[in-house]
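Structural characterization, general
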Amino acid sequence: MENNKPLIEVKNLVKSFGDNVVLDNISTNIHHGEKVVVIGPSGSGKSTFLRCLNCLEDPTDGEIIFENENIADPKVDINIHRQNMGMVFQQFNLFNNKTVLENIMLAPVIIYTKKAVAEGKTKEQFKKECYDKAMELLRRIGLEDKANVYPSTLSGGQKQRIAIVRALAMNPKVMLFDEPTSALDPEMVGEVLDLIKELADEGMTMVIVTHEMGFAREVATRVLFMADGNIAEEGTPTQIFDNPQNPRTVQFLKAVL
Amino acid sequence: MEHILSASVFSKFSKAFFEQGRWKMYLEGLGNTIIIAVVAALIGTVIGVTFAMVNYLNKKTGKLKVFSRIANVYITIIRGTPVVLQLMILYFVVFASWDNGIMIGAITFGLNSGAYVAEIARAGFESVDDGQMEAGRSLGMSTAQTMWHIVIPQAVKNCLPPLFNEFITLVKETAIVGYVGIMDLGKIPGLIQSRTFDYLFPLVIAAVMYLAVVLVLTKILHVLEKKMAKSDRNGGAVNGK
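Residues numbered from 1 in each chain as written. Chains lettered and ligands numbered in written order. Predicted model: local features only at pLDDT ≥ 70, side-chain atom pairs only at ≥ 80, totals over all residues. Heavy atoms only, no water.

A look at the overall build of chain B
- Helices and strands together make up the secondary structure of chain B, namely 10 helices and zero strands.
- Starting at the N terminus and ending at the C terminus, chain B contains elements arranged as α-α-α-α-α-α-α-α-α-α.
- Radius of gyration (C-alpha) of chain B: 23 Å, far over the 18 Å computed for a compact globule of 241 residues.
- Once the C-alpha set of chain B is aligned to its principal axes, its extents read approximately 75 × 55 × 25 Å.
- Here chain B holds 241 residues, and the buried ones make up 42% of them.
- Put simply, 75% of the contacts in chain B that link residues at least 6 apart link residues at least 24 apart.
- Between the mean site of the 22 positive side-chain charges and the mean site of the 15 negative ones, chain B shows a separation of 5 Å. (Helix = DSSP H or I, 4+ residues; strand = E, 2+ residues; numbered from the N terminus. Rg over C-alpha atoms; globule rule 2.2 N^0.38 Å. Buried < 20%, exposed > 50% of the residue type's maximum accessible area, 1.4 Å probe, protein only. Contact = heavy atoms within 4.5 Å. Lys, Arg positive; Asp, Glu negative; His and termini not counted. Charge placed at Lys NZ, Arg CZ, Asp CG, Glu CD.)

Take a look at the structure:
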């Protein structure tokens with residue numbers, strides 16, 4: 001049964017920048033349907049951990065097993081695996097030179113057209129499919145009227161919701177969120193968190209780095225508390241937020257709650 | 001008095017431009033100048049963008065270290081020596097047995113311009129936010145695909161004004177090829193003066209021709225800038241209607 005096997009296995013992950021060890025031998029598994037929320041003080045390595053999961057940072061040592069392959073191995077074609085791992089950034093990173101619609105369609109069209117043609121579709125048919133899908137995603141977030149504008153005209157909340165559906169357009173098996181609301185004005189945090197929550201309810205596997213503790217408690221099936229490049233404590237939201245064991249966790253939660 | 005003056009002005013101009021079909025000399029010179037400048041701009045752009053891309057990718061991926069070094073040495077040498085010496089080295093030494101002076105001039109200025117374009121393009125690439133590349137890669141696009149669809153278009157847009165500045169400088173700078181006897185527009189006034197004994201008009205005519213070329217380039221830049229401004233904040237609003 002597929003679900004017994006973890007979707008992502010992290011084994012003895014080490015990441016260092018020169019002499020600076022940011023991740024010090026981390027091991028954990030992420031299972032299908034899990035919503036793992038990573039919290040911790042700044043500099044604890046949360047973002048680096050997340051960025052190692054799709055090798056946006058190359059791990060210095062250790063293994064990341066995704067779909068039976070160690071994607072930390074430089075010989076593995078990482079692009080194929082990234083197509084199955086959506087990522088959402090703190091700074092949105094929408095493509096500035098593309099319209100909203102193009103932002104969503106670009107990667108599917110570039111990456112999958114060849115395959116579609118091999119399956120007997122014409123390029124135009126496939127492009128139309130990508131267009132329909134992109135418009136459907138835009139309708140879902142209520143921004144279909146923004147399809148043909150450029151990102152520079154949008155609010156932060158709109159940008160981030162588009163960045164999320166851009167990742168969804170690739171039909172990923174897991175979504176990685178790197179502080180998705182940290183760069184937003186307070187009144188826009190809600191719309192982004194609501195969308196993430198919706199995805200969570202639909203069963204999407206996700207790993208979320210966030211400072212929104214209320215959101216973490218609500219959405220997480222498991223919380224990782226990171227400190228000094230290690231997972232200092234992990235457990236259900238109730239365990240971590242209501243009954244933390246590690247003094248570092250206690251100290252951190254006291255500071256942020 | 002006025003009448004006499006205007007008559008002599010006209011006759012001098014006529015002598016400098018129309019008599020004995022001299023206008024053909026200007027046009028031929030102008031043609032050569034344009035050939036040298038266009039070929040040089042192409043060579044320079046290819047060299048410059050390649051070097052800048054090597055530098056950018058080296059910075060982002062840590063690969064291509066050797067190429068990046070070579071590019072930097074090249075840029076240092078070219079920018080650190082006078083172009084007239086580079087011209088003489090190519091004309092009298094490297095291509096000593098080749099009699100196509102115009103092409104030698106074009107190659108010289110292409111190699112020279114490449115170093116400057118490299119610096120301009122480097123700034124262009126650096127102006128593109130790192131997040132753009134990361135977003136492309138995170139979706140599963142390759143480095144090459146992300147460069148082509150995302151990074152390069154934005155880099156080009158950001159470095160168009162300095163790039164056209166370089167092209168404008170290049171057009172005027174090519175007048176140096178006269179130094180080794182190549183018949184470009186800058187060389188023509190001297191030739192005509194040696195027959196008409198008037199310097200003013202031949203020089204003014206040549207200057208006006210250079211100016212016309214520069215104005216055309218400026219116009220092209222404005223058209224391109226307008227076209228590319230559509231993703232800017234105000235341009236985007238218009239586009240979104």
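Things to note about the sheet that holds strand β2 (residues 20-30) of chain A
Residues and elements named next belong to chain A.
- In space, the four strands of this open sheet follow the order β2-β1-β4-β5, with antiparallel pairing throughout. The strands lining the two open edges of the sheet, one partner per strand, are β2 and β5 (69-70).
- For strand β1 (residues 8-17) and strand β4 (residues 61-66), the ladder comprises five bridges, and the chain directions are antiparallel. In the strand pairing of β4, I8 is matched with F66.
- Here helix α1 (residues 46-53) sits on the sheet in contact with β1, β2 and β4, set at roughly 120° to β1. (Pairing = 2+ DSSP bridges. Axes fitted to C-alpha atoms, helices over the stretch in contact; angles between N-to-C directions.)

Comments concerning the confidence of the model for chain B
- Averaged over all residues, the pLDDT of chain B is 90; the fraction at 70 or higher stands at 94%.
- Interface confidence for the predicted complex, expressed as ipTM, amounts to 0.92; the pTM equals 0.85. (pLDDT = per-residue confidence, 0-100.)

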